[in-house]
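# Structural characterization, general
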Amino acid sequence: MRHILSILVENEPGVLARVAGLFSGRGYNIETLNVAPTLTEGLSMMTITTVGDEAIIEQIVKQLRKLVTTLKVVDLTDVKSVEREMMLLRVDAEGSKRAEVLRIVDIFRCKVVDVSPDELVLEVTGTQDKLNALVSLLQRYGIKEAARTGAVAMRRGMQE
Amino acid sequence: MELTGAQILLESLRREGVEVVFGFPGGAVIDIYDQLPNYPLRHVLVRHEQGAIHAADGYARATGKVGVCLVTSGPGATNTVTGIATAYMDSVPVVIITGQVPTPLIGNDAFQEVDIVGITRSCTKHNYLVKDVRDLSRVIKEAFYLASTGRPGPVLIDLPKDVQTQLTEYKYPKTIKMRSYNPTYAPNPKQVAKVAAVVRRAKKPIIYAGGGVIASEASADLAWLARSFNMPVTATLMALGCFPAEDPLWLGMLGMHGTYAANMAISNADLILAIGSRFDDRVTGKISEFAKNAKIVHIDIDPTSIQKNVPVDIPVVADCKSFLTALRQTLEPTLEAEPAAGLEAWNSKVAAWKVEKPLSYNQEGTVIKPQFVVETISRLTKGEAIITTEVGQNQMWAAQFYAFNRPRSFISSGGLGTMGFGFPAAIGAQMACPDRLVIDVAGDGSIQMCIQELATAVCYNLPVKIVILNNGYLGMVRQWQELFYKKNYCATCLDVAPDFVKLAEAYGAAGFRVTDPAKVESVLAEAFALPRPVIVDVVVDREENVAPMVPAGKSITEMILV
């Protein structure tokens, strides 16, 4: 099962390597990884999506907590949470294709962030499913390049 | 007062109470060595950096204090990696200080540069690269704190050469502020109450003690619990000595080379109190067959150890000493009103297993049995010596046939199984305990991995004894080849070996050789009485095997007994 882990860590050199090394050293796989400083100085938030059964995820969470530079680990799979990912797509939009691509842009609430005579660069945010759906729709027009951030996630308010 | 980085390091070591540093100099630590004579630290110059880290490890295991190791950059640092991993696997508090090339050269493939922080990330509890001399005193304080608290372990400080010469105002922190590191010592009272209840109800309980009992100095509390409730005690390799071997409740070690009684008792128990042990695969055998009918209580300071290998009914995250103290406080007041159950049926069954298939060997004829040598050492030293071991058959015979009565008396590489560990560890233990007899039980294969440390032992007049159980083989691998690989003795026969007696003498130590069973006791006694390092080369039965043995992947009740 896919799990989303939210990990609060000290923002110092080597922390990412410690976390990533923990996964690789134990044969676990990181599906996506996103890391950036938080609003609190000196701290960073990592969002990692990974796949494993309950026993593996329990070990991953415990091992992450064991790292001296880790403050908090939450498995967001267990709580109500929101998840978003951003993607940039360079799509072939030459001639007659352009109108159709723009229609899809509207439906998926994407933004066109760059225009050239024969291609568009689109920005889209959403869940992994939404992004995958967009990719599969646009493939017929020709996706020249794609860059995805991986998921960022946060628990919802008013948790029971 | 302004001090250089090198002075800050040494002054901070002094303030941490460090008395001995095991090290080997080099270009990247020469500034530290330049200052060393100005500080009240005893430096032990080893002959190989692996010796330094194992000696620091042995010192730490013998005392419970933090062992310290100082080496140079590049090869000096990488030579410690085996020892760091050894200490990590066995949760031993060690601080390793490595020199590093000057900060402007880091990452440039400079002479004698390696990314030792990167290399040791997975085998240290934590590690630091100090790039600013102003961070140094805090880092040292944190390193000692991290190494010795929670689940102990090795912490490495990588110190660039230019940081060692930079000046800064010296102030050693009195307290530690680490918002992300808060080990849990005290157990949850509800969990303790649950454990107390199951201890009361159990009809067939067993205590399965691990190295955590020794690390947390909880032996006396463990003995109280066992004796108050008539619970038999078994232990991992790491915990030998945590409960006196002479006590009738003692079953011996369990697992792959454990006793029949211990393996049968844990397999038939209805309650397993696992205290500071981690259900290593050498202990459990086939997991699906392990202690199928037992309720398992697992106490460990490291939450990652709990539920890792076996499902646990009552998990308790706590320091073993804190847990056992809390359990005693819960149970002791009730003992008068409600005495502990006698458990006569269970205890007599366990006693029968002990009698039925005890550890045994047959010392007949003219060939010396290795078990006889260990038993003789045990008898001569009354179970009071510090025994270190190498790895393999020698290690298992030492674990099986020496009657350990005190904690911190058995020093062996359990988790990593590091050949070459025992002798330098013995040097560290002897530095820590000058008044105790320290004996390395070795194999002829293992001893050759760090034998150059004989020079260290002679140089510092450390009267460490090395007893080589010399069978001319890499014995444990040969045993596996015999039993499971159709006697294909590939690369395990040590055809060429040094004359260990002459080798000892070449280094300035004493050497003895024994080939006659009748002379084992007298030669060992003579060797132990000598106030200098000694090698006793005991030529033993070449094809003697360690028994019992549980084949890999089998249940621990499926023992090969002879």
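See the structure above.
This report concerns the structure included in the present document. (Residues numbered from 1 in each chain as written. Chains lettered and ligands numbered in written order. Predicted model: local features only at pLDDT ≥ 70, side-chain atom pairs only at ≥ 80, totals over all residues. Heavy atoms only, no water.)

### As for the packing of aromatic side chains
Residues and elements named next belong to chain B. Within the structure shown, the criterion is met by 14 aromatic pairs over all chains. Measuring from centroid to centroid gives 6.3 Å for W224 and F229, while their planes differ by 80°, and the two rings are edge-to-face. F229 sits in the buried class, given a relative accessible area of 4%. Aromatic pair F279 and F290: ring centres 5.9 Å apart, planes at 80°, arrangement edge-to-face. (Phe/Tyr/Trp six-rings, centres within 6.5 Å; stacked < 30°, edge-to-face > 60°. Buried < 20%, exposed > 50% of the residue type's maximum accessible area, 1.4 Å probe, protein only.)

### Focus on the pattern of salt bridges
All names here are of chain A. Using the criterion set out here, one finds 37 salt bridges over all chains in the structure. In this structure, R148 and E85 form a salt bridge, with 2.9 Å as the shortest nitrogen-oxygen distance. Of the two residues, R148 is situated in strand 8 (residues 143-148) and E85 in strand 5 (residues 81-92); the sequence distance between them amounts to 63 residues. Under the relative-accessibility criterion, R148 is labelled partly exposed at 36%. Residue classification places E85 among the buried residues on the basis of a relative accessible area of 4%. Three or more residues joined by partner-sharing salt bridges are found here, namely R90, E119, K144 and E145. (Salt bridge = Lys/Arg side-chain N within 4 Å of Asp/Glu carboxyl O. Helix = DSSP H or I, 4+ residues; strand = E, 2+ residues; numbered from the N terminus.)

### A word on the interface of chain B and chain A
Listed as interface residues are 16 residues of chain B and, on the opposing side, 17 residues of chain A. Where chain B abuts chain A, roughly 1400 Å² becomes buried across the two surfaces, and 49% of that area is made up of carbon and sulfur atoms. If you look at where chain B meets chain A, you find two salt bridges. The partner of E10 of chain A in a salt bridge is R179 of chain B, with the nearest N and O atoms 2.8 Å apart. The interface formed by chain B and chain A includes eight residue pairs in polar contact (both at pLDDT 80 or more). (Contact = heavy atoms within 4.5 Å. Buried area = accessible area lost by both parts, 1.4 Å probe. Polar contact = N/O pair within 3.5 Å; in protein donor to acceptor, adjacent residues only side chain to side chain.)

### Structural notes on helix 9 (residues 189-201) of chain B
With 13 residues, helix 9 of chain B extends 19 Å between its outermost C-alpha atoms, agreeing within 8% with the 18 Å of an ideal straight helix rising 1.5 Å per residue. Three or more residues of helix 9 of chain B are buried, namely Q191, V192, V195, A196, V198, V199 and R200 of chain B. (Expected span 1.5 Å × (residues − 1).)

### As for a nonpolar patch on the surface
Residue and element names in this part refer to chain A. The grouping of M86, L88 and V113 at the surface amounts to a nonpolar patch, some 210 Å² of accessible area in total. As for its placement among the helices and strands, V113 is situated in strand 6 (residues 111-116). What makes V113 partly exposed here is its relative accessible area of 43%. (Patch = residues over 30% accessible without salt bridge, like charges linked within 9 Å, V, L, I, M, F, W, Y side chains within 5 Å. Areas by Shrake-Rupley, 256 points an atom, 1.4 Å probe, with all protein chains shown as cover.)

### Observations concerning the sheet that holds strand 18 (residues 465-470) of chain B
All names here are of chain B. Read across the open sheet, the six strands follow the order 16-15-17-18-20-19; overall the sheet is parallel. Looking at strand neighbours, the two that pair on one side only are strand 16 (410-411) and strand 19 (510-514), the edges of this open sheet. Where strand 18 lies against strand 20 (residues 534-539), six bridges are found, and the strand directions are parallel. Opposite I468, over in strand 20, you have D537 as the bridge partner. Against the sheet, helix 16 (residues 370-381) engages strand 15 (386-389), strand 17 (438-443), strand 18 and strand 20, with an angle of about 155° to strand 18. (Pairing = 2+ DSSP bridges. Axes fitted to C-alpha atoms, helices over the stretch in contact; angles between N-to-C directions.)

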